Amino acid sequence: MAKQVIKVPDLGGADQVDVIEISVAVGDIVAQEDSLIVVEGDKASMDVPAPVAGKILSITVKEGDKVSEGDEIGEIETETAVEAEPESSQAPVQDSQSIPEPAAEPQAEAKVKPKGGAESKEEAIQVPDLGGADAVDVIEISVQPGDTVAEGDSLIVVEGDKASMDIPSPSAGTVVSIAVKEGDKVSTGDALGVLKVAAEGNVAPAATAAPSQESAPAAQTEPQQTPETVEPPAVPQKDHLLERDLTVAAQVYAGPAVRKLARELGVTLNKVKASGPRNRVTKDDLHNYIREQVKKAESGAVGVGGGIGIAKMPDIDFSQFGPVTMEPMSKIHKITAANMSRNWLNVPHVTQFDDADITELEDFRKSMKAEAEKRGVRLTPVPFLLKAVAAALRAEPSFNVSLHNDGEQIVHKDYVHVGMAVDTPKGLMVPVIRDVDKKGLYELAAEAAEMALKARDGKLKPNEMQGACFTISSLGAIGGSGFTPIVNSPEVGILGVSKLAVKPVWNGKDFAPRQMLPLALSYDHRAVNGGDAGRFMTYLVSVLADVRRLLL
Ligand code: CAO
């Protein structure tokens, strides 16, 4: 066993690049050259690979940090004593056929071809050094003749087996011609077109002048290769940008310019429909996505959250009013708060109220309590509510739906899973009881108790909190005569149950004392209408009033 410090490799002069992804966790076993972190400069990103195979002992940077060459990013423990790798082998792996950027220095083959008078001259646009990669695909032509471009603007995007690279404009000027089209294959030195640039001033002398290099990571002279890696660049310059087209988080293909634009616009790339070769997201795709979102937001289409222009709450120093203490919110509390805001703002709520006469249900429940206890279960009103809700969802299938997130379809469900809100010391949890319509009261009582216990012990698994059609939130044991629950979207509705109260009810001849259970049904008025909700509630109340109806 030997420990080895992991350092940021040579970034080719780039300094203070951003850590945009931590790809491993402490304890992970990695192979040599596995990506450990991803760093990104202005126009390029690259993997920092494991210098050796081993176990990650520590990662000392986090996303958002800035790092430079030589900075320590963590420690790795190797199986056997490993000699420190030579500097060059710690070079960033050319992830997935990375293609180096053109060199900053004028290259021999980069030709300036002055043409015309003193006012302007024409420059050849050439494929820069591809680091040994040959015959890469032209996958995007970003400009057309007549376009005015700034130095460094992307003119063409080329792609090797798994990586892509923008070919930047060597100078500011006007595109005279583009000699290739999408689908063509090009190699280092091939002519791509002609650019007209001003003869005076700071015109870059080479057609392959590099784009802004200050923050772009660069390859070592002899970068390592993964099996998918193309030959390393044979050129001696250090200023090779490594382009990496796999975007962070998801396996999304997109060029650096597209990724940068996506970040600037705050777009998550894996939400964008890709139209490029090999499912590659192009700039046009990004623009189309933004256009679509704006259109939806402007038309008020459903399914689109956020952007409703609500003013931020003011920051208030409560200590000016009296003594206070600050308590960090639990993770569950924070998630609940975010979900509540999201649901409250996205779902147009309507809440319908009714009282269910559960006098007979209560008589029956109490008569069954002893038997239930013998079977090891507590027969509270909750299993009856679960059973009655399931029956109502089956009886009124128009209510057992969800609005699809595209805002254009209704999802009809042929299953009946019901969530049950549980008050826990760490916050509100909603375990889901599946196939409630197929289960008996004792089974439901046992499962509800088990789920509530698991929720309170923090032992619920994610899949035990998913897939509900509807939720029951019972505050009956606590108190209150009514409340308006918030729909747990994408579920269609939620039943708020308050404390049973004995009330005088007119039976046609006189007022009789009846045990009335206050119910509040909140529903998503985008998915269902008042009629659906009214029928659902009426059926529910009738079943609770006479549980024999559950047998029908
Ligand atoms: N009216 C009067 N009494 C009620 C009642 C009601 N609506 N509902 C339950 N009770 C009684 C029960 O019958 C039980 O008494 P008995 O043992 O004498 O029968 C007693 O109250 C305690 O019940 P319980 O809370 O232990 O069990 P439950 O099955 O009624 O509820 C659960 C289980 C998990 C729903 C509940 O414990 C809970 O966590 N409720 C809170 C849910 C919540 O926080 N909702 C708000 C969400 S929005 O913030």
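Residues numbered from 1 in each chain as written. Predicted model: local features only at pLDDT ≥ 70, side-chain atom pairs only at ≥ 80, totals over all residues. Heavy atoms only, no water.

Turning to the overall build of the protein chain, a few remarks are in order. Regarding its fold elements, the protein chain presents seven helices and 30 strands. Within the span of the protein chain, comprising 552 residues, buried residues form 47% of the whole. For the protein chain, the proportion of contacts with a sequence separation of at least 24, taken over those separated by at least 6, is 66%. Approximately 27,400 Å² of the protein chain is accessible, and the part contributed by carbon and sulfur atoms is 53%. (Helix = DSSP H or I, 4+ residues; strand = E, 2+ residues; numbered from the N terminus. Buried < 20%, exposed > 50% of the residue type's maximum accessible area, 1.4 Å probe, protein only. Contact = heavy atoms within 4.5 Å. Areas by Shrake-Rupley, 256 points an atom, 1.4 Å probe, with all protein chains shown as cover.)

On to unusual backbone geometry. Residue Ser489 is joined to Pro490 through a cis peptide bond whose omega torsion reads 15°. Within the secondary structure, Pro490 is located in the loop between strand E27 (470-474) and strand E28 (493-497). For Gln16, which is not a glycine, the phi torsion comes out positive at approximately 55°.

Below, the discussion takes up the site of the ligand. Lining the immediate environment of the ligand, one finds 22 residues, of which Lys369, Thr380, Arg456, Ser473 and Ser498 sit closest. Note that a nitrogen atom of the ligand is positioned 2.8 Å from one of the side-chain N or O atoms of Ser473. Between a nitrogen atom of the ligand and a main-chain N or O atom of Ser474, the distance comes to 3.0 Å. In the complex, 72% of the free accessible area of the ligand, which totals 970 Å², lies under the protein chains. Split into classes, the residues belonging to the shell around the ligand amount to eleven nonpolar, five polar and six charged. (Near = heavy atom within 4 Å. Polar contact = N/O pair within 3.5 Å; in protein donor to acceptor, adjacent residues only side chain to side chain. Nonpolar A, V, L, I, M, F, W, Y, C, P; charged D, E, K, R; others polar.)

Once that is clear, we can look at the packing of helix H5 (residues 381-395) against helix H6 (residues 441-456). At a minimum axis separation of 9 Å, H5 and H6 run at an interaxial angle of 115°. In this structure, the crossing between H5 and H6 has a hand that is right-handed. Residues Val382, Pro383, Phe384, Leu386 and Lys387 of H5 form the contact with H6, whose participating residues are Leu441, Leu444, Ala445 and Ala448. Residue composition of the contact of H5 with H6, by class: eight nonpolar, no polar and one charged. (Axes fitted to C-alpha atoms, helices over the stretch in contact; angles between N-to-C directions. Left-handed = near helix turned anticlockwise from the far one by under 90°.)

Counting through the fold element by element, Ser522 comes out in strand E30 (residues 511-524). The contact partners of Ser522, leaving out residues within four places of it in the chain, are His349, Val350, Thr351, Thr484, Pro485, Val487, Val492, Gly493 and Ile494.

The terminal C-alpha atoms of H6, which comprises 16 residues, lie 22 Å apart, in line with the 22 Å expected from a rise of 1.5 Å per residue. Of all the positions in H6, only Tyr442, Leu444, Ala445, Glu447, Ala448, Met451, Ala452 and Ala455 are classed as buried. Of the surrounding secondary structure, the elements contacted by the buried residues of H6 are helix H4 (359-374), H5, strand E23 (418-420), strand E24 (422-424), strand E25 (427-429) and strand E26 (432-433). At the exit of H6 stands Gly458, carrying a positive phi of roughly 65°. (Expected span 1.5 Å × (residues − 1).)

Moving on, we come to the nonpolar core. The biggest cluster of nonpolar side chains holds 54 residues, and the ones touching the most others in it are Phe399, Phe470, Leu495, Leu519 and Leu540. Per element, the largest residue contribution to this core is nine residues, and it comes from H5. Aside from chain neighbours lying at most four places away, what touches Leu519 is Gln352, Phe353, Asp354, Asp355, Ala356, Leu495, Gly496, Val497, Met537, Leu540, Val541 and Leu544. Counting residues in hydrophobic clusters, the runner-up holds 21 residues, among them Leu11, Ala14, Met46 and Val48. (Core = buried A, V, L, I, M, F, W, Y, C linked by side-chain atoms within 4.5 Å.)

Looking now at the environment of Met516. Here Met516 lies in strand E30. For Met516, a relative accessible area of 9% translates into the label buried. Linking Met516 and Lys499, residues 17 residues apart in sequence, is a C-alpha distance of 8.7 Å. The residues touching Met516, leaving out its near neighbours within four places in the chain, are Asp355, Ala356, Asp357, Lys499, Leu500, Ala501, Lys503 and Val505.

To continue, consider the packing of H5 against helix H7 (residues 530-545). The interhelical angle for the contact between H5 and H7, taken along N-to-C directions, is 135°, at an axis separation of 9 Å. Considered as vectors, H5 and H7 are oriented oblique to each other. Between H5 and H7 lies a crossing whose hand is right-handed. Contacts between H5 and H7 involve Phe384, Leu385, Ala388, Val389, Ala391, Ala392, Leu393 and Ala395 from the first element and Phe536, Tyr539, Leu540, Val543 and Leu544 from the second. In the contact of H5 with H7, the residues fall into 13 nonpolar, no polar and no charged. (Parallel < 35°, antiparallel > 145°, perpendicular 65-115°, else oblique.)

A separate point is the environment of Leu550. Within the secondary structure, Leu550 is located in the segment after H7. Sequence separation between Leu550 and Asp437 is 113 residues; the distance between their C-alpha atoms is 9.9 Å. When neighbours within four sequence positions are excluded, Leu550 is seen to be in contact with Lys387, Ala388, Ala391 and Val543.

Here we take up the environment of Val138. For Val138, the location among the structural elements is in strand E11 (residues 136-141). Given a relative accessible area of 1%, Val138 falls into the buried group. C-alpha separation for the pair Val138 and Ile156, spaced 18 residues apart in sequence, amounts to 7.2 Å. In contact with Val138, not counting residues within four places along its chain, are Ile156, Val157, Val158, Val180, Lys181, Glu182, Gly183, Asp184 and Val186.

Moving on to the sheet that holds strand E3 (residues 29-30). The pairing of strands in a sheet comes from backbone hydrogen bonds and takes either a parallel or an antiparallel form. With antiparallel pairing, four strands are arranged side by side in an open sheet as E1-E8-E6-E3. Only two strands of the sheet have a single neighbouring strand rather than two, namely strand E1 (2-7) and E3. Pairing between strand E6 (residues 54-59) and strand E8 (residues 72-78): four bridges, direction antiparallel. In the sheet register, Ile56 faces E8, and the bridge partner there is Ile76. (Pairing = 2+ DSSP bridges.)

Here we come to the packing of aromatic side chains. All told, the structure shown has six aromatic pairs when counted by the stated rule. Seen from their ring centres, Phe399 and Tyr523 are 6.5 Å apart, and the 70° between their planes marks the pair as edge-to-face. In this pair, Phe399 is assigned in the loop between H5 and strand E21 (401-403) and Tyr523 in strand E30, connecting sequence segments 124 residues apart. Across the pair, Tyr523 and Phe399 agree in class, each one buried. Residues Phe470 and Phe536 carry aromatic rings whose centres are separated by 5.3 Å and whose planes lie at 45° to one another, so their mutual orientation is tilted. (Phe/Tyr/Trp six-rings, centres within 6.5 Å; stacked < 30°, edge-to-face > 60°.)

This part covers the pattern of salt bridges. On inspection of all chains with the given rule, the structure shows 19 salt bridges. A salt bridge links Arg535 to Glu396; its shortest N-O distance comes to 4.0 Å. Of this pair, Arg535 sits in helix H7 while Glu396 is found in the loop between H5 and E21, placing the two residues 139 residues apart along the sequence. When its relative accessible area of 17% is taken as the criterion, Glu396 is described as buried. (Salt bridge = Lys/Arg side-chain N within 4 Å of Asp/Glu carboxyl O.)

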